[in-house]
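Structural characterization, general
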Amino acid sequence: MKKTAFYLIPLFIFLGLLTFLYQGLFSNPREHQSTLLDHEVPEFVLPDLMNTQKTYTQEVFKGKITLLNVWGVWCTTCAIELPYLKQLQVEGKHIVGLYYDQDIDPDFGIKTVQRVQQEVNQTYSQLGNPYAFNIFDVKRNLSLDLGVTGAPETYLIDKQGKIRLHHIGDLNPRVWTNKFAAVYAQLEAE
């Protein structure tokens, strides 16, 4: 009897591992749920992208429903998303950018803040500026605290500064209708 149980242990380990791998194979990475849902935006003190003398804290998210959009000019999908974000801004949505640039990271090269600002202004002139302002996440600390996996990503933040929704990928009309619209309307009604 003990010998049979000894041989079953590797079988159960194998079946557990197989189940784990099978789930991972067929999961949708865009359906990743943030552990911060229904929690306040993590604490931070970060500069404005265009005026680094000005700083923001998580208090900036209190009092308005906000879409926090993680982006960078290096991100092709972000460029595709900007015109739709501009449309949402025209419709009255408050959108804040969380900007980080790969080239400021020593692993990718060195770029000055002025060069980043120039690239952002160039992108705005071509595609429009949907942002009320951009938080400059120079060292990606806030991005890490939010659990950002890449760009673009968008967080819907309520008037109390709590994260109510998180979307990985571009925000487009389909995503807005299927994922954001109902939650946004509910937050407006509160």
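Residues numbered from 1 in each chain as written. Predicted model: local features only at pLDDT ≥ 70, side-chain atom pairs only at ≥ 80, totals over all residues. Heavy atoms only, no water.

**Quick notes on the overall build of the chain**
When helices and strands are counted, the chain shows five helices and seven strands. For the chain, the N- to C-terminal ordering of α and β elements is α-β-β-β-α-β-α-β-α-β-β-α. Taken across its 190 residues, the chain has 43% of its residues classed as buried. In the chain, of all internal contacts separated by at least 6 residues, the share reaching a separation of at least 24 is 72%. Per element, the accessible surface of the chain, about 11000 Å² overall, is 58% carbon and sulfur. (Helix = DSSP H or I, 4+ residues; strand = E, 2+ residues; numbered from the N terminus. Buried < 20%, exposed > 50% of the residue type's maximum accessible area, 1.4 Å probe, protein only. Contact = heavy atoms within 4.5 Å. Areas by Shrake-Rupley, 256 points an atom, 1.4 Å probe, with all protein chains shown as cover.)

**Some thoughts on helix α5 (residues 173-189)**
Of all the bends found along α5, the most pronounced is centred on F180 and spans about 55°. Taken together, the buried positions of α5 are occupied by V175, W176, F180, Y184 and L187. Summarising the contacts, the buried residues of α5 are in contact with β3 (66-71), α2 (76-90), β6 (153-157) and β7 (163-168). Among the residues of α5, the N-terminal cap falls to N172, whose side-chain oxygen and the backbone nitrogen of R174 are separated by 3.1 Å. (Bend = angle between axes of the 7 residues up to and from the residue. Polar contact = N/O pair within 3.5 Å; in protein donor to acceptor, adjacent residues only side chain to side chain.)

**Remarks on the pattern of salt bridges**
Counted by the stated rule, this structure contains six salt bridges. A salt bridge links K62 to E40; its shortest N-O distance comes to 3.8 Å. Of the two residues, K62 is situated in the loop between β2 (55-57) and β3 and E40 in the loop between α1 (2-26) and β1 (45-47); the sequence distance between them amounts to 22 residues. Note on K62: relative accessible area 35%, which makes it partly exposed. For E40, a relative accessible area of 41% translates into the label partly exposed. Across the salt bridge formed by E91 and K93, the nearest N and O atoms sit 3.9 Å from each other. (Salt bridge = Lys/Arg side-chain N within 4 Å of Asp/Glu carboxyl O.)

**Here we look at the confidence of the model for the chain**
Averaged over every residue, the pLDDT of the chain is 87; residues scoring 70 or more account for 79%. In the model, residues 27-31 has pLDDT below 50 throughout and makes six contacts with residues more than four positions away in sequence or in other chains. (pLDDT = per-residue confidence, 0-100.)

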